[in-house]
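# Fold and geometry: a report
Given next are the chains, with one letter for each unit.
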Amino acid sequence: MTLEGKLLIGQQAISGNQADIQAVNPATGKTLDPVYHGGGKAEVEQACELAEAAYATYRETSLEDRAVFLETIASEIEAIGEELTERGVAETGLPEARLQGERGRTCGQLRLFASVVRAGEWLDVRIDPALPDREPMPRVDLRQRHIGLGPVAVFGASNFPLAFSVAGGDTASALAAGCPVVVKGHSAHPGTSELVGRAIQRAVAKCNLPEGVFSLLFGSGKEIGQALVADPRIQAVGFTGSRSGGTALMATAQARPQPIPVYAEMSSINPVFLLPEALKARGKAIAEGFVGSLNMGAGQFCTNPGLVIGVKGADLDAFIDTAGEGVKGSAAQTMLTPGVHGAYNDGIGALANHPNVRNVARGQAGEGPNACQSGLFVASATDFLGDEALQAEVFGASSLVIECANVDEMQRVASQVEGQLTITLHMDDGDLATAKQLLPTLERKAGRILANGWPTGVEVCHAMVHGGPYPATSDSRTTSVGSAAIFRFLRPVCYQALPEGLLPEALRDGNPYGVSRLVDGKRE
Ligand code: NAP
């Protein structure tokens, strides 16, 4: 397909007249055609009007029709073929195999949400039948179900051009909830976004859905992104990116006459605690695993292990030596954008020049313009606890090891770290008591706690939590990965004493949807 460089609004493809967007191949520094003429308020207005018009019909689609729509999007994405992964490689510098894997994950995610929609548990049907003879007061008939919030704005992430972009987890879960979606495409991969956006457009047409179910906008975040979140028809926001971008959108959403929820996934350094017995027994193997996780995708994962905590001594020294050797041997990898590369170098520079930080190792220097040279640094727990700047996320393959005097100091570090997506424990049986002591603190800090693994590689499943207290996310009560992500875009409605003919189908007598229901407090 020839890319047209257009915004996709409903079934149309149009040009904006604001600042141009053009992708840059980060491996070569060369710009990639076509130019996307960015949209502004007029295009936001058009997309939101269509989304609002589509909402009434789309939110009442049958479970089967909505599930088929999600499956059709997946099939249409697969039908694009190699053009999608080739364009993705050119726009992100990520390897072909990664793009192929991400396409599988994206389509798997859409199909998972199709199965979730069909199962209907998300409706959370509750029925408390009338008790006319109850004393001292009769009870009226009360029935509850969940409905989609309304049109949702989704901001595609730079680091997952497929799985967290136009048809990624935010879009899939919002569509599953019955919400039309307006995507603000990431400016780093507009071609990949257009290809996927057109696949969704085709799925909308094939499934005979109202065109406003999906639109894709390009343009500057500060203009079109802000206008989108401020639009009164938008009812929730999904975002993955920087803390500054996420907090700016939160402020806009809160300042609206009608404030709306923003689900922003922003910043996490994913502490890894090396407990003493595990460090003593298998520190070398842990160090090798750590370097693998650190370097994965040039460290451009929100779950990258950016902080390692252990008790100072020979075992931690041996870990640092092995990890340092691994980092020194690490080949440079191309980063996503010149901006991400610049921010990484600034972060690494701040650590390297910090008076209380020891430079352990740097990876190999690369040839290309945006090569990530891995970095490993060490600081004492006392210095870490006394300097908030040492907690700053360095997005890329950089990690800071914290030397603690003892296990109690590890506990103090755990208490002081900001909210995180993940916290990892490396532990053996002999560490169980220490781990038990840490666990209540870790639960307060992170959305996912792992033992003897690495935080990179997030499974898309029912039990996953990819969330956590601020600044990991803007709302710790939910997840942006896995089937529970659908709950971000739903709200309950209670129907009191409505006649059968007025009730939504899912709530009618005889359970026409065949979904699990809580009737008079009992699961049926
Ligand atoms: P970003 O700068 O936050 O941009 C993400 C999206 O939000 C883009 O579409 C951007 O629009 C928009 N945006 C940014 N600031 C905005 C604002 N004030 N108002 C409205 N929209 C706004 O993130 P990025 O480009 O992906 O990467 C930059 C940095 O973010 C990285 O260096 C890294 O530190 C961090 N990051 C973190 C994670 C994570 O998961 N923890 C993931 C990715 C990036 P434009 O098109 O105008 O840029």
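Residues numbered from 1 in each chain as written. Predicted model: local features only at pLDDT ≥ 70, side-chain atom pairs only at ≥ 80, totals over all residues. Heavy atoms only, no water.

An unreviewed UniProt entry lists the protein chain under the name 2,5-dioxovalerate dehydrogenase, from Vreelandella subterranea. Of the comments in the UniProt record for the protein chain, the one headed Sequence similarities (unreviewed entry) reads "Belongs to the aldehyde dehydrogenase family." (UniProt positions renumbered as here; feature names shortened; annotations may be inferred.)

Within the open sheet, the 5 strands sit side by side as S21-S6-S5-S22-S23. Their pairing is mixed. The outermost strands of the open sheet, each flanked by one partner alone, are strand S21 (490–496) and strand S23 (522–523). In this sheet, strand S22 (residues 517–519) lies alongside strand S5 (residues 125–128) in parallel orientation, the contact comprising 3 bridges. Paired with valine 125 across the strands is arginine 517, a residue of S22. (Pairing = 2+ DSSP bridges. Helix = DSSP H or I, 4+ residues; strand = E, 2+ residues; numbered from the N terminus.)

Okay, the nonpolar core next. Most often, soluble globular proteins have nonpolar side chains that are buried together. In terms of nonpolar packing, the biggest core is built from 92 residues, with Phe69, Ile73, Ile77 and Leu217 touching the most fellow members. Among the elements that take part in this core, helix H2 (residues 63–80) stands out by supplying 8 residues, more than any other. Each residue touching phenylalanine 69, except ones within four places of it in the same chain, is listed here: Tyr58, Leu175, Ala203, Val204, Cys207, Leu209 and Val213. (Core = buried A, V, L, I, M, F, W, Y, C linked by side-chain atoms within 4.5 Å. Buried < 20%, exposed > 50% of the residue type's maximum accessible area, 1.4 Å probe, protein only. Contact = heavy atoms within 4.5 Å.)

Before going further, it helps to spend a moment on the UniProt feature "domain: Aldehyde dehydrogenase" (unreviewed entry) in the protein chain. Cross-referencing UniProt, the feature "domain: Aldehyde dehydrogenase" (unreviewed entry) maps to residues 16–460 in the present numbering. Annotated as residues 16–460, this span is 45% helix and 18% strand, and its ends, taken at the C-alpha atoms, are 36 Å apart.

Okay, the domain arrangement of the protein chain next. Partitioning the protein chain into structural domains gives domain 1 (7–266 + 476–488) and domain 2 (271–451). Each of domain 1 and domain 2 has a C-alpha centre, and the two are 33 Å apart. On the domain 2 side, the residues contacting the 16 residues of domain 1 number 14 residues. Area buried by domain 1 at its contact with domain 2 is led by Pro26, Asn159 and Glu265, which between them contribute 37% of it. Between glutamate 418 and arginine 243 there is a salt bridge, and its shortest N-O distance comes to 3.0 Å. In this assembly, domain 1 and domain 2 are joined by 3 residue pairs in polar contact (both at pLDDT 80 or more). (Domains from an automatic or database assignment. Buried area = accessible area lost by both parts, 1.4 Å probe. Salt bridge = Lys/Arg side-chain N within 4 Å of Asp/Glu carboxyl O. Polar contact = N/O pair within 3.5 Å; in protein donor to acceptor, adjacent residues only side chain to side chain.)

Okay, the packing of H2 against helix H5 (residues 169–177) next. In the contact formed by H2 and H5, the axes pass within 9 Å of each other and the chain directions differ by 155 degrees. Relative to H5, the element H2 is oriented roughly antiparallel. Note that H2 runs across H5; the crossing there is right-handed. Residues Arg66, Phe69, Leu70 and Ile73 of H2 lie in contact with H5, whose contacting residues are Ala172, Leu175, Ala176 and Ala177. Broken down by class, the residue content of the contact of H2 with H5 amounts to 7 nonpolar, no polar and 1 charged. (Axes fitted to C-alpha atoms, helices over the stretch in contact; angles between N-to-C directions. Parallel < 35°, antiparallel > 145°, perpendicular 65-115°, else oblique. Left-handed = near helix turned anticlockwise from the far one by under 90°. Nonpolar A, V, L, I, M, F, W, Y, C, P; charged D, E, K, R; others polar.)

Here we come to the layout of surface pockets. Empty space among the atoms can be located by rolling a probe the size of a water molecule over them. Reported here for the largest pocket is a volume of approximately 990 Å³. As for the largest pocket, its lining consists of 32 residues, and the residues nearest its centre are His186, Phe239, Gly241, Ser242 and Gly245. The dominant element in the lining of the largest pocket, judged by the number of residues it contributes, is helix H8 (residues 243–255), at 5 residues. Looking at the lining of the largest pocket residue by residue, the classes come out as 11 nonpolar, 16 polar and 5 charged. Composition of the lining of the largest pocket by domain shows at least three residues from each of domain 1 (7–266 + 476–488) and domain 2 (271–451). Of the voids in this model, the second largest pocket is the one considered here, and its volume is about 250 Å³. Looking at the lining of the second largest pocket element by element, the count peaks at 4 residues for helix H4 (residues 96–119). Residues that form the lining of the second largest pocket fall into these classes: 10 nonpolar, 7 polar and 4 charged. The residue makeup of the lining of the second largest pocket includes at least three contributed by each of domain 1 (7–266 + 476–488) and domain 2 (271–451). (1 Å grid on protein atoms, 1.4 Å probe; cavity = no way out; pocket = protein on both sides within 12 Å on 5 of 7 lines; lining within 4 Å. Points joined across faces, edges and corners; volume = space filled by probe spheres on them.)

Looking now at the pairing of strand S7 (residues 152–155). Neither face of S7 is left uncovered, since the one carrying Val152 and Val154 and the one carrying Ala153 and Phe155 both have all their residues buried. Sheet topology places S7 next to strand S8 (residues 181–184); 4 bridges connect them, and they run parallel. Each residue of the ladder has a partner; that of valine 152, found in S8, is valine 181. Handedness of the crossover joining S7 and S8 through H5 is recorded here as right-handed. Sheet analysis places S7 next to strand S10 (residues 236–240), joined by 4 bridges and oriented parallel. Paired with valine 152 across the bridge in S10 is alanine 236. (Right-handed = clockwise from strand over helix to strand, strands pointing away.)

Looking now at the site of the ligand. In the vicinity of the ligand, 24 residues are found, and the nearest of them are Ser158, Lys184, Ser187, Ser242 and Met266. Burial of the ligand by the protein chains amounts to 83% of its free accessible area of 860 Å². Assessed atom by atom at 2 Å from the grid points, the ligand resides in the largest pocket. Those elements giving two or more residues to the shell around the ligand turn out to be helix H7 (221–230), H8 and helix H11 (338–352). Taken together, the residues of the shell around the ligand sort by class into 9 nonpolar, 11 polar and 4 charged. Summarising the domain contributions, the shell around the ligand has at least three residues from each of domain 1 (7–266 + 476–488) and domain 2 (271–451). (Near = heavy atom within 4 Å. Areas by Shrake-Rupley, 256 points an atom, 1.4 Å probe, with all protein chains shown as cover. Sits in = over half its atoms within 2 Å of the grid points.)

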